[in-house]
Structures are given as structure tokens and as C-alpha cells.
Amino acid sequence: LPVPAAAAALVAPASATQKVDLAAALKPAIGGSLAGFLTLFRAVSFSLCYAHADPRLAPYFGLFLQSLLLSTVLSQLTYGLRHSLPWAIACPSSTATPFNSAIAAAAAAGAASGQAAALRCMVGMALGSLGTAGLFWAIRVSTGPRIEALKGSFPQPLILGLF
């Protein structure tokens, strides 16, 4: 049976729409894949920095990598739920790497074993992160509506990540 012209016209736009939807879905998928690759690459490179802060920390590279990936997942969940830019991508910060490497080296200096050094590094970096987050939370709570003026004095990447 031949297909009526009206039915054929209805089918043609649907297939064209499906192609547009596929193309529209492909861009976020590629963007998400690239962001995931960037996040993984940064976590691996920063973990290597932390693991080589002290010779006893080298066997604990995996611990540092797991902690960075876990913190990235938690940060991304927080960004998605509470951030003014829900599309922001969370990943380890290159700004914090030198400071965290110094914390790792200082924490490992007095440890009796490699395992104790790794544990001290993780606790030191966690306390440093909590302290920084607490500071900015206190600033946000204490300034109230004046926060916009305060935000203008910080560099833009810091603002996107913390407010």
C-alpha cells in the first residue's frame, strides 16, 4: 500500500527532529567526557605531586588519587545542588597543589612509618580544607548582603569555586 502524502510529511519532520536531538545530546556528552578526562588527569598529576613530597609517601599514590577523586565527586554534588552556576565543573585545584604538597611534606617529616606519614598527610590536608571552607563560610554569614562587594576583591576563579 502506498503511504499517503500527509502521513509521509508527518514522518519526515520526526526523523529530522531526532537527528537534531542526537546532535544536541552529543555536545553535552562530549563536553562531559572531556571534563571527566580533565578531572582524572588533574587528579593523577596532583596525586603524583603529593606522593613525591616525601620519599616515604610514594607507595601511597593510590590513596592520594582516591582522596582527590572522592573530593571531586563530593564537590561536584555540592556545586550541582547549591552553586549559583550548577553547570560548574569541580576538579582538583592547581592553586592548592603547592600548599598541599608542603603540608604533606611537613606532616610526613615526623612520622614513624610510611603508613603513618600518609595518614598524617590526609588528616592535614582535610583539616586545611575544612579550615578554609569554614573561613569563607564565616565571611559569607557575617557579611550578609554586603557579600557582593567583598566578592569583587577576589580573583574570578576563586569566586566561582567558593560562592
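Residues numbered from 1 in each chain as written. Predicted model: local features only at pLDDT ≥ 70, side-chain atom pairs only at ≥ 80, totals over all residues. Heavy atoms only, no water.

It is not clear to me how the packing of helix 3 (residues 97–109) against helix 4 (residues 114–143) should be interpreted in this structure. Could you clarify?
For any two helices packed against each other, one specifies the crossing angle of their axes together with the interaxial distance. Their axes nearest at 8 Å, the elements helix 3 and helix 4 cross at an angle of 135°. By the angle between their axes, helix 3 is oblique relative to helix 4. In this structure, the crossing between helix 3 and helix 4 has a hand that is right-handed. On helix 4, the residues touching Asn-100, Ile-103, Ala-104, Ala-107 and Ala-108 of helix 3 are Ala-117, Arg-120, Cys-121, Gly-124 and Met-125. Classifying every residue of the contact of helix 3 with helix 4 gives seven nonpolar, two polar and one charged. (Axes fitted to C-alpha atoms, helices over the stretch in contact; angles between N-to-C directions. Helix = DSSP H or I, 4+ residues; strand = E, 2+ residues; numbered from the N terminus. Parallel < 35°, antiparallel > 145°, perpendicular 65-115°, else oblique. Left-handed = near helix turned anticlockwise from the far one by under 90°. Contact = heavy atoms within 4.5 Å. Nonpolar A, V, L, I, M, F, W, Y, C, P; charged D, E, K, R; others polar.)

Can you walk me through the environment of Ala-117 in this structure?
Here Ala-117 shows up in helix 4. For the pair Ala-117 and Arg-56, spaced 61 residues apart in the sequence, the C-alpha separation amounts to 7.3 Å.

I would appreciate a short explanation of helix 3 in the present structure.
Given 3.6 residues per turn, any residue in an α-helix points the same way as the ones three and four places further on. Spanning 13 residues, helix 3 covers 18 Å between terminal C-alpha atoms, matching the ideal 18 Å at 1.5 Å per step. Of the positions making up helix 3, those classed as buried are Thr-97, Asn-100, Ser-101, Ala-104, Ala-107 and Ala-108. Viewed end-on, helix 3 has its buried residues packed into an arc of 130°, placing them on one side of the element. The exposed set on the far side of helix 3, more than 90 degrees from its buried face, consists of Pro-98, Phe-99, Ala-106 and Ala-109. (Expected span 1.5 Å × (residues − 1). Buried < 20%, exposed > 50% of the residue type's maximum accessible area, 1.4 Å probe, protein only. Arc of directions from axis to C-beta.)

I tried to follow the nonpolar core on my own but got confused; where do I start?
Nonpolar side chains in soluble globular proteins tend to end up buried together. Formed by 16 residues in total, the largest nonpolar core has its most connected members in Tyr-50, Leu-57, Phe-64 and Cys-121. Within the residue set of this core, elements represented by two or more residues are helix 1 (5–51), helix 2 (61–82), helix 3 and helix 4. When residues no more than four places from it in sequence are discounted, the contact partners of Phe-64 are Ser-47, Tyr-50, Ala-51, Leu-57, Cys-121, Met-122 and Met-125. (Core = buried A, V, L, I, M, F, W, Y, C linked by side-chain atoms within 4.5 Å.)

Explain the pattern of salt bridges here, please?
Any two side chains of opposite charge can pair if their charged atoms end up close together. For the structure shown, the criterion picks out one salt bridge. Between Arg-56 and Asp-54 there is a salt bridge, with its nearest N and O atoms 3.4 Å apart. (Salt bridge = Lys/Arg side-chain N within 4 Å of Asp/Glu carboxyl O.)

Can you walk me through the confidence of the model for the protein in this structure?
When pLDDT drops low, the exact placement of atoms in the prediction is not to be read closely. When pLDDT is averaged along the protein, the result is 75, and 76% of the positions lie at 70 or above. Below pLDDT 50 for its whole length, residues 158–163 participates in 15 contacts with residues either more than four positions away or in separate chains. (pLDDT = per-residue confidence, 0-100.)

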